[in-house]
Amino acid sequence: MTLLDSPSLGVGVRLTTSNTTGITVARAGDRNLTIGFLSDSNVKAQKGELVLTAATANAAFPPDIVVGTVISYSKALQDLAPTIVVAPAVNLDNLDFVKVLRFPDPTAAPPGG
């Protein structure tokens with residue numbers, strides 16, 4: 001099992017207010033995530049804004065699962081894109097139960113059939 005804050009994992013996400021998409025970026029030893037590879041580098045995220053998994057073609061995760069909330073936003077004049085920091089929705093240091101999602105559902109009928 002790989003946790004959301006693993007530096008080897010990037011999750012496609014979207015900001016709920018603007019629908020701007022990006023990919024989570026994690027750093028070793030830090031539970032918070034940043035959002036990189038933004039679809040709109042002029043986005044202005046708000047503190048407390050929800051961050052959900054993104055609905056993209058061939059995504060590894062189902063859409064609209066809560067990933068976390070924005071805890072800070074900054075963009076210096078010389079930066080091409082803002083720094084958006086996200087706190088995970090769950091305490092990754094204290095997981096008693098996890099739910100495994102099978103996506104896409106292997107029992108579902110194929111499209112058009």
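Everything in this summary refers to the structure shown in the same document. Within each chain, residues carry numbers counting from 1 in the order of the written sequence. Per-residue local features are limited, in this predicted model, to residues with pLDDT of at least 70; the limit for side-chain atom pairs, both in listing and counting, is 80 or more; totals at the level of whole chains, interfaces and linings are taken over all residues. Side-chain numbers here rest on the full set of heavy atoms in the structure, without hydrogens or water.

Below, the discussion takes up the pattern of salt bridges. Salt bridge, as applied in this entry: a Lys or Arg side-chain nitrogen positioned within 4 Å of an Asp or Glu carboxyl oxygen. One pass over the structure, following the stated rule, counts 2 salt bridges. Here Arg14 and Asp64 are joined by a salt bridge, their closest N and O atoms 2.8 Å apart. With Arg14 in strand 1 (residues 12–15) and Asp64 in the loop between strand 4 (50–53) and strand 5 (66–74), this pair connects stretches of sequence that are 50 residues apart. Buried means the residue's accessible area, taken with a 1.4 Å probe over protein chains only, is under 20% of the maximum for its type, while exposed means over 50%, and partly exposed covers the values in between. Note on Asp64: relative accessible area 46%, which makes it partly exposed. Here Asp30 makes a salt bridge to Arg27, at a shortest N to O gap of 3.1 Å. Since its relative accessible area comes to 43%, Arg27 is described here as partly exposed. Secondary structure elements follow DSSP: runs of H or I no shorter than four residues count as helices, runs of E no shorter than two count as strands, and numbering proceeds from the N terminus.

Strands pair, by our definition, only if DSSP identifies at least two bridges between them. The 6 strands are arranged 1-2-3-6-5-4 in a closed barrel whose pairing can be described as antiparallel. Across the sheet, the mean angle separating the axes of adjacent strands is 45 degrees when strand polarity is ignored. Where strand 5 and strand 6 (residues 83–88) come together, 6 bridges link them in antiparallel fashion. Residue pairing across strands places Ser72 opposite Val85, the latter belonging to strand 6. Note on definitions: angles span 0 to 180 degrees between N-to-C directions of axes, and those axes are lines fitted to C-alpha atoms, for helices only across the stretch in contact.

Its location among the elements puts Asn19 in the loop between strand 1 and strand 2 (21–26). For the pair Asn19 and Leu52, spaced 33 residues apart in sequence, the C-alpha to C-alpha distance is 9.6 Å.

Relative to the helices and strands, Thr53 is located in strand 4. Counting of polar contacts relies on pairs of N or O atoms within 3.5 Å, with two restrictions inside protein: one atom must be capable of donating a hydrogen and the other of accepting it, and residues adjacent in sequence are counted only when both atoms are side-chain atoms. Among the polar contacts listed, one links the side chain of Thr53 to the backbone oxygen of Pro62, at a separation of 2.5 Å. Side-chain polar atoms of Thr53 contact the backbone nitrogen of Asp64, separated by 3.0 Å. Thr53 has contacts with Val11, Gly12, Val13, Arg14, Phe61, Pro62, Pro63, Asp64, Ile65 and Val67, leaving out every residue within four places of it along the chain. Only heavy atoms matter for contacts: two residues are in contact if any of them lie within 4.5 Å across the pair.

Here we take up the pairing of strand 2. In this structure, strand 1 lies alongside strand 2, joined through 3 bridges in antiparallel fashion. Directly across from Arg14, in strand 2, lies its bridge partner Thr21. As consecutive antiparallel partners, strand 1 and strand 2 are separated by 5 residues, and within that stretch Asn19 has a phi angle of approximately 65 degrees, a positive value. Strand direction decides the pairing type here: strand 2 and strand 3 (residues 33–36), joined by 4 bridges, are antiparallel. Counted as the bridge partner of Ala26 is Leu33 from strand 3. As consecutive antiparallel partners, strand 2 and strand 3 are separated by 6 residues, and within that stretch Gly29 has a phi angle of approximately 85 degrees, a positive value.

The next thing to look at is the pairing of strand 3. Going residue by residue along strand 3, you find Leu33 and Ile35 tucked away on one face and Thr34 and Gly36 tucked away on the opposite face as well. Taken together, the 2 bridges between strand 3 and strand 6 define a ladder with antiparallel strand orientation. Its bridge partner being in strand 6, Thr34 is matched across the sheet by Val85.

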